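Coordinate inspection notes
Here is what each chain is made of, one letter per residue.
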Amino acid sequence: MKVKILKKSDEKLVLHVKETSSAFVNALRRKVISELPCFAIDEVDFIQNNSPMYNEYLANRIGLIPLTLEETSVKNAVIKFSLDVEGPGIVCSRDLKSTDEKIKVYNENIPIIKLGGGQTLKLEATAIVGTGKKHAKFQCALASYNYYPEIRIKGCKKCEDAILKACPRNLITKEGSELVVKNIEQCNLCGACVEACEHEGVKVRGKDDEFIFFVESYNNVPAYEHLRKAIEILKEQTASLVKELK
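To continue, consider the sheet that holds strand 3 (residues 38-49). Pairing in this open sheet of four strands is antiparallel, and the strands run 3-8-4-6 from one edge to the other. In this open sheet, the two edge strands, each paired with only one partner strand, are strand 3 and strand 6 (97-98). Taken strand by strand, helix 2 (residues 55-63) contacts strand 3 and strand 8 (120-130), and its axis lies near 150° from that of strand 3.

Here we come to helix 2. An α-helix turns once per 3.6 residues; consequently, residues spaced three or four apart project the same way. Leu58, Ile62 and Gly63 are the residues of helix 2 that are buried. Taken end-on, helix 2 shows its buried residues confined to a sector of 135°, consistent with a single buried face. Looking at the buried residues of helix 2, the elements they touch are strand 3, strand 7 (111-115) and strand 8.

What follows covers the pattern of salt bridges. The full count for this structure, using the stated rule, is 11 salt bridges. Across the pair Glu19 and Lys2 runs a salt bridge whose closest N-O atoms are separated by 3.7 Å. On the criterion of sequence distance, the pair formed by Glu19 in the loop between strand 2 (12-18) and helix 1 (22-34) and Lys2 in strand 1 (residues 2-8) is long-range, its members being 17 residues apart. Glu19 sits in the partly exposed class, given a relative accessible area of 45%. Each member of the salt-bridge network shares a partner with another, and the members are Lys31, Glu35 and Lys133.

About the criteria used
- Residues numbered from 1 in each chain as written.
- Predicted model: local features only at pLDDT ≥ 70, side-chain atom pairs only at ≥ 80, totals over all residues.
- Heavy atoms only, no water.
- Pairing = 2+ DSSP bridges.
- Helix = DSSP H or I, 4+ residues; strand = E, 2+ residues; numbered from the N terminus.
- Contact = heavy atoms within 4.5 Å.
- Axes fitted to C-alpha atoms, helices over the stretch in contact; angles between N-to-C directions.
- Buried < 20%, exposed > 50% of the residue type's maximum accessible area, 1.4 Å probe, protein only.
- Arc of directions from axis to C-beta.
- Salt bridge = Lys/Arg side-chain N within 4 Å of Asp/Glu carboxyl O.

Below, the structure written as structure tokens:
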């Protein structure tokens with residue numbers, strides 16, 4: 001298997017993976033979205049709520065707010081949060097105050113509810129560690145993949161203008177007398193260029209053994225660290241399976 005980094009930042013990681021199978025990249029995707037540990041608010045105790053929203057609805061929204069992660073605090077950790085806001089105004093995730101400086105809301109600008117004059121929201125909440133297998137609120141990263149595109153354009157001069165206009169991402173351009181594809185990694189295999197050609201001069205397909213693999217982090221852990229941890233989990237589980245088969 002060969003891997004090339006197409007884009008790397010703390011929030012996003014995009015890889016070109018080749019000489020592998022869809023089974024492998026899908027297994028890796030599943031580890032990222034379902035088996036990485038993260039904090040999420042699991043229980044909410046309402047002290048006062050005279051807003052227009054039910055307690056259950058607010059508890060669900062609060063539970064989906066991403067929290068930061070500190071590896072040393074993961075095992076059996078229980079973190080307390082509190083919120084005490086009076087309207088008028090918009091209650092945001094930054095209003096949730098944590099008892100642990102290392103475990104807090106990751107994005108402070110997520111709106112929770114708009115309070116009117118005289119309305120109050122006061123609560124206490126508890127955050128625990130879980131994984132996406134237990135509930136979607138414990139999902140700390142997104143992972144996806146698609147087949148690496150292959151585009152072939154042959155002749156068909158009569159359809160050139162239609163082909164150029166068809167691509168929704170403007171990946172097809174004309175150089176000299178030929179149509180060429182630039183930034184092919186951005187192709188989503190929509191087939192618009194194929195439909196635009198009346199003489200079957202354009203062929204688009206996804207390669208069976210090449211993939212674009214995408215990871216996006218929802219918390220303070222960099223995307224490449226999420227992927228590294230997912231690979232470790234996959235290796236451990238594979239080694240355990242091999243041991244059992246013996």
